[in-house]
Structure formats: structure tokens, C-alpha cells
Amino acid sequence: MSGTVDFDSLIHLFRTAAARVKAGADELGRLDSATGDGDHGVAMTRAMAAIEKGLDDCQARQIKTLLQGVAWSVMSIDAGATGPLMGSLLMGMEEPAGEADEIDAARLAAMFAGGLTKMRAVSKAEVGDKTMLDALVPAVEALQASAAAGDSITAGLVAAAAAAQTGAENTKTLQARFGKARNLGERSLGHQDPGATSIALLFRGLADGAASLETN
């Protein structure tokens with residue numbers, strides 16, 4: 001792919017990411033069964049379907065409008081905390097996108113940083129609390145570092161995906177402080193957080209989507 005992401009390329013990234021998360025739904029459900037209700041895979045599948053619907057429904061070929069529509073589509077789903085959390089991530093990306101027709105690596109990093117800020121406002125969790133943020137924060141930091149180094153968007157997303165995966169795996173060492181898992185206390189140790197894993201899957205899909213554009 002080129003050094004920027006345009007409207008069509010962004011749609012491709014979102015579709016690839018949604019497909020990757022949906023493909024991992026069984027894993028997410030299995031992880032959630034150990035510490036929660038076991039429905040996180042279903043919830044994320046609904047969220048990804050809402051993203052796809054938002055992409056399909058967007059009439060104006062504007063990145064900011066696309067993000068707004070996708071965010072509201074996800075916010076409207078019935079999936080417990082997943083809708084507000086994932087919706088806030090997407091909603092926070094809208095303002096940094098601005099009126100740009102194409103997004104470079106620095107702007108993409110700023111968009112995800114904006115999404116992180118918005119999700120933090122909704123979640124109230126911090127790194128170490130065994131939540132989505134344990135994968136999202138390192139992913140955004142990796143994306144920002146890559147952009148600052150002048151790397152390509154694909155390289156940045158690959159680095160972000162790796163950081164998110166490491167963050168998700170590290171939640172095995174953490175005690176849950178949010179959600180139903182917090183009721184387990186120390187018994188939540190040794191289990192990988194499904195929310196953090198879903199973020200890792202999302203960034204892996206984004207990275208795969210960017211890489212596939214480079215080969216076309």
C-alpha cells in the first residue's frame with residue numbers, strides 16, 4: 001500500500017479486522033468461560049457485524065463520516081459493556097481524523113490515541129486491571145513510536161498487533177479488577193483476559209489488511 005490510507009483502504013482494514021475477530025469468537029468465548037459468562041465471543045461478533053453494517057450504510061465518501069457511522073452502529077448493539085467500549089474507541093478516532101481524505105501514519109496513530117482516550121473515559125480502568133486496555137495501551141504506544149520513527153502504516157500496525165498480543169498474554173499474570181471476573185479475586189490469575197484478546201485480534205486483522213493492500 002502507499003504511505004497513506006484513503007477511504008476505500010480504511011474500509012478494507014476495518015473489514016479485515018472484523019473478519020479476524022469473528023474468526024476468533026470461539027477462542028474469546030472459551031477464555032470468557034473461565035472467568036465470566038462465556039459470552040464475549042458472541043458480543044464481539046455482534047460488534048464486528050455492527051462495524052460491517054456501518055461500513056455498508058455509509059453514503060458519503062468521507063473518512064470522518066465513516067468513523068462516525070461505524071461508531072454509532074457499534075454503540076447501538078445489545079452486547080453488555082462491549083458496545084459502549086468498542087463504540088467509544090471508534091468514536092474517539094473521529095476528531096483526530098479531521099477532514100482528511102487520506103490518513104498517514106502519524107494521523108492514524110493520533111486517531112487510535114483519541115480512541116484510547118475515549119475508551120478510558122468510559123471504562124475507568126487502567127493498565128494492570130486485566131481489561132481491554134492491557135492490550136490497547138501498548139498497541140497505541142507501538143503505533144505512535146512507529147509513526148515517530150517514520151515507519152510505514154503497515155509496519156506500525158504490525159508492531160501494534162505484536163504489542164497488543166503481548167499485552168493480552170500478560171493478563172494471565174494479573175488479577176481482575178473489573179467485570180464479573182473481579183469477583184474471582186486471586187482465582188482470576190492464570191487466565192488470559194478475553195477483552196484484551198479481542199483487541200489483539202482486532203489489531204492483527206488491521207495489520208493483515210494493510211499487508212494485503214501492499215501485495216495488490
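Residues numbered from 1 in each chain as written. Predicted model: local features only at pLDDT ≥ 70, side-chain atom pairs only at ≥ 80, totals over all residues. Heavy atoms only, no water.

Along the backbone of the protein there are nine helices and two strands. In the protein, the succession of α and β elements from N to C terminus is β-α-α-α-α-α-β-α-α-α-α. Here the C-alpha radius of gyration of the protein, 16 Å, is about what a compact globule of 216 residues would show, namely 17 Å. Looking at the protein as a whole, 52% of its 216 residues are labelled buried. Taking contacts inside the protein between residues at least 6 apart in sequence as the whole, the part at least 24 apart equals 69%. Just so you have it, the protein exposes about 9300 Å², and 49% of that area is on carbon and sulfur atoms. (Helix = DSSP H or I, 4+ residues; strand = E, 2+ residues; numbered from the N terminus. Rg over C-alpha atoms; globule rule 2.2 N^0.38 Å. Buried < 20%, exposed > 50% of the residue type's maximum accessible area, 1.4 Å probe, protein only. Contact = heavy atoms within 4.5 Å. Areas by Shrake-Rupley, 256 points an atom, 1.4 Å probe, with all protein chains shown as cover.)

Below, the discussion takes up the pattern of salt bridges. Evaluated as defined, the whole model comprises six salt bridges. Measuring nitrogen to oxygen at the nearest pair gives 3.0 Å for the salt bridge that ties K22 to E52. Of this pair, K22 sits in helix α1 (residues 7-23) while E52 sits in helix α3 (residues 40-57), placing them 30 residues apart in sequence. The residue E126 makes a salt bridge to R120 at a minimum N-O spacing of 3.7 Å. (Salt bridge = Lys/Arg side-chain N within 4 Å of Asp/Glu carboxyl O.)

Below, the discussion takes up the packing of aromatic side chains. Enumeration over the complete set of coordinates arrives at one aromatic pair. Ring geometry for F112 versus F203: centroids 5.1 Å apart, planes at 45°, classification tilted. Highlighted residues: F112 in helix α6 (residues 105-123) and F203 in helix α9 (residues 194-214), separated in sequence by 91 residues. Considered together, F112 and F203 belong to a single accessibility category, that of buried residues. (Phe/Tyr/Trp six-rings, centres within 6.5 Å; stacked < 30°, edge-to-face > 60°.)

Residues M48, M86, L136, L157 and F203 are the most contacted members of the largest nonpolar core, which totals 67 residues. Elements supplying a minimum of two residues to this core: α1, α3, α4 (63-75), α5 (82-97), α6, α7 (133-148), α8 (153-170) and α9. The greatest single-element share of this core, amounting to ten residues, is contributed by α9. For M48, the contacting residues outside a window of four places in its chain are A17, A18, V21, K22, M86 and L202. (Core = buried A, V, L, I, M, F, W, Y, C linked by side-chain atoms within 4.5 Å.)

In this structure the tally under the stated criterion is two cavities of 30 Å³ or more. Counted as a void, the largest cavity has a volume near 60 Å³. Forming the boundary of the largest cavity are F14, A17, I51, M86, L89, L90, M93, F112, L202 and L206. At the level of elements, α1, α5 and α9 are the ones that each hand at least two residues to the lining of the largest cavity. By residue number, the principal contributor to the lining of the largest cavity is α5, which donates four residues. Residues of the lining of the largest cavity, tallied by class, amount to ten nonpolar, no polar and no charged. Counted as a void, the second largest cavity has a volume near 50 Å³. (1 Å grid on protein atoms, 1.4 Å probe; cavity = no way out; pocket = protein on both sides within 12 Å on 5 of 7 lines; lining within 4 Å. Points joined across faces, edges and corners; volume = space filled by probe spheres on them. Nonpolar A, V, L, I, M, F, W, Y, C, P; charged D, E, K, R; others polar.)

Of note, T16 is situated in helix α1. Note: C-alpha distance between T16 and A97 (81 residues apart in sequence) is 20 Å. Not counting the four nearest positions on each side in its chain, T16 is found in contact with G205, D208 and G209. Side-chain polar atoms of T16 contact the backbone oxygen of H12, separated by 2.8 Å. (Polar contact = N/O pair within 3.5 Å; in protein donor to acceptor, adjacent residues only side chain to side chain.)

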